[in-house]
Structure formats: C-alpha cells, structure tokens
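Inside the fold
For reference, the chains in residue letters:
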Amino acid sequence: MLQINELHAGVENKKILKGVNLEIKPGEIHAIMGPNGSGKSTLSSVISGNENFEVTKGSVKFLDENISELGPEERAHRGIFLSFQYPVEIPGVSVTNFIKTAINENRKAQGLEDMPASEMLKLIKSKADLLEIDRKFLSRSLNEGFSGGEKKRNEIFQMAMLDPKLAILDETDSGLDIDALKIVANGVNKLKNKDNAVIVITHYQRLLDYIVPDFVHVLIDGKIVKSGTKELAYELEAKGYDWIKEELVS
Amino acid sequence: MNLKDKLVSSYLAFDDHLEDDSPIHEIRKKAIHTFEEKGFPTKKEEDWKYTSLKSILNKDYSVFPKGDKEVKFKKVRNYFLYDIDSYKLVFIDGVYSSFLSETTHDGLDICLLSAALSKSKYKAVIENYYNKAAAKNSISSLNTAFAREGAYINIPKNKEVEKPIEIINFSTGNESALMVQPRNLIVVGENAHVQIIERHQSLTANPVFTNSVTEIFAEKRAYLDYYKIQNDKENASLIDNTTIHQEQDSNCKVHSFSLGGKLTRNNLNFIQNGEHCESTLKGVTILKDKQHVDHNTLVKHNAPNCESHQDYKGLYADSSTGVFNGKVIVEKQAQKINAFQQNNNILIDDNATVNAKPQLEIFADDVKCSHGCTIGQFDEDALFYLRSRGIGLKEAQALLMYAFANTVLESVKIPELKRRINKLIANKIGVNIGFDI
C-alpha cells in the first residue's frame, strides 16, 4: 500500500529525514517511535503532502502510484488521512460544516454527487456516537477552544467520516487522559479492517496497549534504525532510546 | 474647466431657479461657499492621506442630467431584494422613478426628499433635522449645496416597520459621465423599528461619481438596522457620508459590504447623545484589480453607559488597496463606556495594500476601550489542515475567507439579504460550494 524508499526531506537548509525506508501492507498497523526531534512528525507531514517540507531525494508510493508531486487534497482523495498532533483552530467554521464540505469535496473528486443531507446526518450521528461525541460539540467552531482531548477525538471523528485507506495518527495520545485514550483507541480499532492500514506515531508505549501494532520502528536522527514487533515498544519504554544509539555507534 | 470650477459655476445657474425665501436656500449658499473655499479634499489632509480623488475628478461629469429616463423592471429586478415585500425608493440618474418605487404615507412617511423640502406639512421636521447631522466639511457641503432628491423616511413613535426599505440609485449610462448627489433624511421615532438597505448601481461601464449624504436621527429606544451594498461596476466611485445621531437607549447598526466599484470612501459617523446607546459598525471588504475602499469611521461618545462595536474585515487581491481609519472619541462626561474596535485584513496578493489607523481619544477615566488590528496572509497551517481533508486549495481559501468574514455576516438580520451576500461573496472569490456558515 505504502512504499517509502530512501526518503530525504527537510525545511530550507535543514535536513530532517535522511533516508527512510518503510513498507506498509493493507491490514497492518505500524508504530513509529523515537525521541524528540528525530523526524517523526516530518515523516507524517511529508506523506500527507505538507508543502513546507521539501523532498530532496527518494520517493513515496501509495497504491503503486508515485505521490511525491501530489497536493495534500489529492493525497486525501486517494485515501491518506493525517490525524494532526496540533489540530488547527478555525473560528467561524463549524465541525459539521467542515466535515460536510470535506466529504462532498472528496466525492466531487471521485465524480460523485453531493451526499444527500439525510444520509450525511445519519453518518455524522453514527460516527459521533462511536466516539462518544456530544451533538452540541458538532456545531462549535472547528477546534476553537477545544480541550486537548476534544481536539484529538475530533480528529478521529473526521477519520471515521472520511474512512481512509491509510491513517497516520501523529501523537494522538498526547494530551489525552486514560478515558479519552480508550475512546479514541476503541474508535480506531473499530475502523480497522483487512483493507486499510494505520501508522501510529508516538513517544510512549501506552497507546500501543490499546492500538496493538504489528510492527514497531524506531526513528532516530532521520532514519529508521531498528524495526521489530510490539515487544520492541516495551523494551523502549523500559530502557529508553540510549541503548539503541549505543548499538548504532558500536 | 476643472470639476470644482464647473460645479461652482453650475451652482450659480442652479441658484437662479431656487426660491429665495426657502430656509434651505441659506443652507445651500453657505454650503457652496464652504466648498468653494476648501475644494475637494487632497492627500495633504490627514483624513484623506491614503485616498486620492485625482483619478475620479478628471472626468467631465454631467451635473444636471436630463430626467425622464425609465428603466425596465426586468432589467434591474436582480438588484432588488424583494419584488413586493419591501418599500422601495428608486432613483434613476438622480431622478425619482415612481414606476419602480413603492412609497407610503400610511402611518409613516417613506417618500421623496424633494416633496418633504417643498411641502409645508413637513416644514417642522425639516427645520428640526435637515442638515443638522451632516458634516460641514467640503465634500458634504458640496452635496448640501446641490441636494435636490433622495429618500425621506420618517417613522413615528412606536411604529415597527413590517418590511425593509430599499433605497436604490441607478445610473443608466446615458450620460458619458455622471455625477449624482443623493441626499437622504431618516428619522426613526421613539421606540420605532426599521430596516433599510441602500445600494448604488450603475447599469453600464460609463463613469459615475456619487457623492451621497445620509442623515439619520434615532430617537429614544429607536432601533435601526442599515445595510449598505457596495458592489458597483468598475468605473463607479462613491463617497458616502452617513451620520447617525442617537438618543437614549437607541440601538443602531450599519453593515457595509464593499465588494466592487472603482473607489469607495465611507465616512460613517455615529454620535451618541443619550445614555445606554448601542452602536454597531461592521463591514466586509473584498477587492481585486485596482479597486480602492476607504472606511473612515467615527464614534463619538457624548453620554455615559453606552457601547460601541466596530468589526471590519478586509480581503485584498491583486493591486487593490484598503484603508481603515477608525476614530473613537470618549468625552469627559461619558463614563462607563465600552468601546470595541476590530479591524482584520488578509492580503491575498503581494501587490495589495492596507493602511490601518485606529485612533482613540479618551477624556473620561472609567471606560473600557479596546482596539485590535491585524494585517496578514492566509494561515498556511490552516490551509494545509483543510487540504489534508480533501478540500482543494481554492475551496480551502474560500472557506477561510468565509470564516474570516463570518463575524460580520452572522449578524445580518434579513435572511434573504444574508443569502444574497453569501452568493455575492462566493462569486467574488470564484467558488461554487454550498457553505452555510
């Protein structure tokens, strides 16, 4: 589904990713862990097409298509979704209107008519229920004045609405208390099936107790330096990252 | 002959036809004298620093166009908000069109200023109010000297006007260049309510220069909701001079939608004379090409315990320019005032310019005044966020523009007007998606 080859990327003159290789197949959950500043968020930004980052080398293929030249909306139309670490506040646009616009713009790209209003309402209701979101919440301005937990829940609500093929959860656990974390993880697990895939980016192993990965990758200084199964996450939690760095040096 | 000289000599000819004993005659004579002395404002004056009239003064305008022009309803229908559910005062090249208008004298007066100026039954109102609010500067004086026609609206005590009043000034383009000077007098009586929509609309690309003066008096507990639709053609320029005097417990709102025209200058003055007044001044400006809009607002707090809210949003593309010059004066006796002023601008292109100048003059010591002014570009993070959800760049920009203007749009109280403005804005920014925010 996703193939990343020798990816180098950065901002202006700063290199951040220095040769990332990663392959993800349908049905898989991959966790990417690593210390601060190792390039985790850059990787998610580059996959989803953030133009602030420049790809200097390598390629990103999604469903056998090179997507390096595609804009973020075109990647979204192909089924890539990014749950933001810091969702942007947009005063004046309600959650409902935003998601309606997003759904219909995606349909337009697929040559479909707008979704009928009744069908839209039903879909919104069922996905809001899945994430235990209050209806009142949906008429509020997008992310404006939301608590950290509300923002993340809203991200997963959007994911549920858009039903992507590949979801990247960038630090979705940060700012969540344990109850909210369970709701979010439960939502993700319910959306998971054999045809879609998830990348979970996190500092901590805690989230991985609820969203159980098939593979764990360690990103340090712009490179994936170690890959393994979920046991690797426990090891990292217990021992930190220094031992891997030492391994690398030796 | 330059325009000033032409106007001064035209006045002499005009004056010959006026009745000498009319009280208005003295007012006219004084006014033309002021204009002759001061002339058109130039950029040397602080209040006109960012707006030059040069490009509109160099045309040879007809000052007294021939009347008797009719325009087919079908041709202008789209400029009216309603076919029948509104009162209408329609002027064509400055001349009243009875055919397109719907006036009334049934329990309230919605009619012509020319009638009010000439008939004795209106004498008391004219003496009380006429030219009492209009500024005495050169540009308003020019209007005062020539003023012949416009709207006369007098809402008596406790009257709630059940449908909006539309004041529309069409110019036909029959003259190669036309100057019109509409003059409106509006008195909203004690505890009376009224909604008014004003628009100036040329029907061709011929140059039109409108110098309009509107005087409004809101008596105790009066409620006024006034909308200015400024979406004229590319060679139409407008200087709008509107002054509102407010008495105790009155609530007045003016929304200005400046979406077109060549040059627009809004001189909008609110004078609060009684306690517990509320004044709202809001505007959305969306410009492109070389369009220019200058919002010059004044709120003068003369009495305690009042509020004023200003919220102006501007979006500027291409080489368009905007000016916001907002002045708030709080007099010494005007304690416990809440005065807010907000002006936010987005420059869509590198060549667009905005000059913003908030001015607060506060002489009372127990007041709450705030002003905020921003000039920026689209928030790149917000654009990426929207695009990552599958919303295209243009649509994402449009959504942000809507959101940006929404604090002004949301307080439009006439649903049909709101729908029209939403549509106008969607056309302006070239998108076709059904936002209903």
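Residues numbered from 1 in each chain as written. Chains lettered and ligands numbered in written order. Predicted model: local features only at pLDDT ≥ 70, side-chain atom pairs only at ≥ 80, totals over all residues.

Every contact between the two is made by 25 residues of chain A and, on the other side, 23 residues of chain B. At the level of elements, α2 (72-78), β7 (90-94), α3 (95-109) and α6 (148-162) of chain A are the ones that each hand at least two residues to the side of chain A that touches chain B. Here the side of chain A that touches chain B takes six residues from α3 of chain A, the largest share from any one element. When the residues that make up the side of chain A that touches chain B are grouped by side-chain class, the tally is 12 nonpolar, 11 polar and two charged. (Contact = placed C-beta atoms within 7 Å. Helix = DSSP H or I, 4+ residues; strand = E, 2+ residues; numbered from the N terminus. Nonpolar A, V, L, I, M, F, W, Y, C, P; charged D, E, K, R; others polar.)

Our next topic: the pairing of strand β4 (residues 151-155) of chain B. Residue and element names in this part refer to chain B. The element β4 is largely enclosed, with a buried count of five among its five residues. Side-chain alternation along β4 places Ala 151, Ile 153 and Ile 155 on one buried face and Tyr 152 and Asn 154 on a second face that is also buried. One ladder, built from four bridges, connects strand β3 (residues 109-112) with β4; its direction is antiparallel. Bridging from a neighbouring strand, Ile 110 pairs with Ile 153 of β4. (Buried ≥ 20, exposed ≤ 12 C-beta atoms within 10 Å, placed from the backbone. Pairing = 2+ DSSP bridges.)

Residues and elements named next belong to chain B. Structurally, chain B comprises domain 1 (3-273) and domain 2 (293-377). Each of domain 1 and domain 2 was reduced to a C-alpha centroid, and the two centroids are 24 Å apart. Of the residues lining the interface, 14 residues belong to domain 1; the matching set on domain 2 comes to 15 residues. The leading source of residues in the side of domain 1 that touches domain 2 is strand β13 (residues 263-272), at nine residues. (Domains from an automatic or database assignment.)

This paragraph deals with the nonpolar core. Grouped together as the largest cluster of nonpolar side chains are 177 residues, with contacts concentrated most on Ile 168 and Val 200 of chain A together with Val 188 and Leu 399 of chain B. Among the elements that make up this core, the one with the highest residue count is helix α9 (residues 393-409) of chain B (10 residues). Both of domain 1 (3-273) and domain 2 (293-377) of chain B provide at least three residues apiece to this core. When residues no more than four places from it in sequence are discounted, the contact partners of Ile 168 of chain A are Ser 44, Ile 47, Ser 48, Phe 81, Leu 82, Ser 83, Ile 199 and Ile 201 of chain A. (Core = buried A, V, L, I, M, F, W, Y, C linked by C-beta atoms within 7 Å.)

Turning our eyes to something else, we now look at the sheet that holds strand β16 (residues 307-316) of chain B. Residues and elements named next belong to chain B. Strands sit in the order β2-β1-β5-β8-β10-β12-β14-β16-β18-β20 across an open sheet of 10 strands; the sheet is mixed. Edge positions in the sheet fall to β2 (95-96) and β20 (368-376), since each of these pairs with one other strand and no more. Bridge count for β16 against strand β18 (residues 338-347) is 10 bridges, and the pairing is parallel. Bridged to Ser 308 within β18 is Ala 339.

Residue and element names in this part refer to chain A. If you trace the four strands from one edge of the open sheet to the other, you get β2-β1-β4-β5, paired in antiparallel fashion. Two strands close off the open sheet at either side, each with one partner strand: β2 (14-24) and β5 (65-66). When strand β1 (residues 2-11) meets β2, the two strands line up antiparallel, connected through eight bridges. Looking across to β2, one finds that Gln 3 is bridged to Glu 23.

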